[in-house]
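A closer look at the structure
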Amino acid sequence: LARGEAVTLEWIGGVYGLEAERDALLQAPFLDVLVAMTATASETDQAMLDDLLVDGFAVAQSPTVLRDAAQLLIEAPHVRDRLARALTPILVARVAARSDPRTDLLGAYALEALFRLALADAMNRHRILALLTEIDGTPSELFAAHAAKLLGAAFTQWGGDDLIAALERLLPAAEAEAAFELGLIMLGTGLDQASMPEILGRLEVAQLRFRQAAEADENRADAIAYDAIIDMIRGFWDETCAADLQATLSRLERAIADRQALLQAGSLPPWLAPRADRE
């Protein structure tokens, strides 16, 4: 591990060595390592490893390990397609079993994994759409913010008024994220309209959502940028002179610089890439 080398089954005693330590492995934060080993295992070892992974996803206690294991599994199509049917009810159960910040985060990452399985056509998308649109009770802010992001991505992928309604229900729990996603939806549908009055009407609604997001969270440079862009579009349409647009342009430049600084801290997940067309 110190040399950055992959752990192989042979190094740790083969598949029977894993079976002997099964109970301990299921309690340890090694699920992502087990996924990596399964992806390169021989066909003769796959059945036992598959069973171990399914049980591991059911009992994993570390949110980051569950997230990383799901990432590795989804990026290995032969493992993903083999296990998707068995993992779906387990991930659904983890979404439902939320009771504290740790299980909220486990549930959020399980929901993301289900969404990405649907994107890869490894499970029926109606299952994840039902989960997203039927989030009941009052979810925590942590879970609601993740769910709102997934709802926005699902709308970009499949559309549907029920997803918009679900986002509106999440506003009390995760106002900044839900309002931003609603603004993106209205911006996208606005730009698709056939006439300028229709476009401007929807952009005005989108701008209200972006301002709501920025008021709820002062760090939403993305919302501020879209707010400024809509002012710029309106300014061009009204033939506003360059000098009068300078303040809006400066606000847009500052917001974009802040946003780029944030994005450079990590990478954009592939399942969020379709929304880049708005930017």
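Described in the following lines is the structure provided in the data block. (Residues numbered from 1 in each chain as written. Predicted model: local features only at pLDDT ≥ 70, side-chain atom pairs only at ≥ 80, totals over all residues. Heavy atoms only, no water.)

When you go through the chain residue by residue, the secondary structure sums to 14 helices and 0 strands. Along the chain, helices (α) and strands (β) appear in the sequence α-α-α-α-α-α-α-α-α-α-α-α-α-α when read from the amino end. Here the C-alpha coordinates of the chain stretch approximately 75 × 40 × 35 Å along the principal axes. Pairs at least 24 residues apart make up 65% of the contacts formed inside the chain by residues separated by at least 6 positions. Summed over its atoms, the accessible surface of the chain is roughly 14500 Å², and 54% of this surface lies on carbon and sulfur atoms. Averaging the positions of the 24 positive and the 43 negative side-chain charges in the chain gives two centres separated by 1 Å. (Helix = DSSP H or I, 4+ residues; strand = E, 2+ residues; numbered from the N terminus. Contact = heavy atoms within 4.5 Å. Areas by Shrake-Rupley, 256 points an atom, 1.4 Å probe, with all protein chains shown as cover. Lys, Arg positive; Asp, Glu negative; His and termini not counted. Charge placed at Lys NZ, Arg CZ, Asp CG, Glu CD.)

A rise of 1.5 Å per residue sets the reference length of helix H13 (residues 221–237), with its 17 residues, at 24 Å; its end C-alpha atoms lie 24 Å apart and thus fit the reference within 8%. The set of residues buried in H13 consists of Ala221, Asp222, Ala223, Ala225, Tyr226, Asp227, Ala228, Ile230, Asp231, Met232 and Gly235. (Expected span 1.5 Å × (residues − 1). Buried < 20%, exposed > 50% of the residue type's maximum accessible area, 1.4 Å probe, protein only.)

With that out of the way, let us pick up the pattern of salt bridges. The final tally for this structure, using the stated rule, is 16 salt bridges. The salt bridge involving aspartate 81 is made with arginine 80; its shortest N-O contact spans 3.1 Å. Relative accessible area serves as the criterion here: at 49%, aspartate 81 is assigned to the partly exposed category. Overall, arginine 80 belongs to the buried group, its relative accessible area being 12%. (Salt bridge = Lys/Arg side-chain N within 4 Å of Asp/Glu carboxyl O.)

By size, the foremost hydrophobic cluster in this structure holds 81 residues, and its most contacted members are Leu18, Phe57 and Phe210. Broken down by element, the residue count for this core peaks at 11 residues, all from helix H7 (residues 101–119). Leucine 18 has contacts with Leu9, Ile12, Leu25, Leu34, Met37, Met48, Leu49 and Leu52, leaving out every residue within four places of it along the chain. (Core = buried A, V, L, I, M, F, W, Y, C linked by side-chain atoms within 4.5 Å.)

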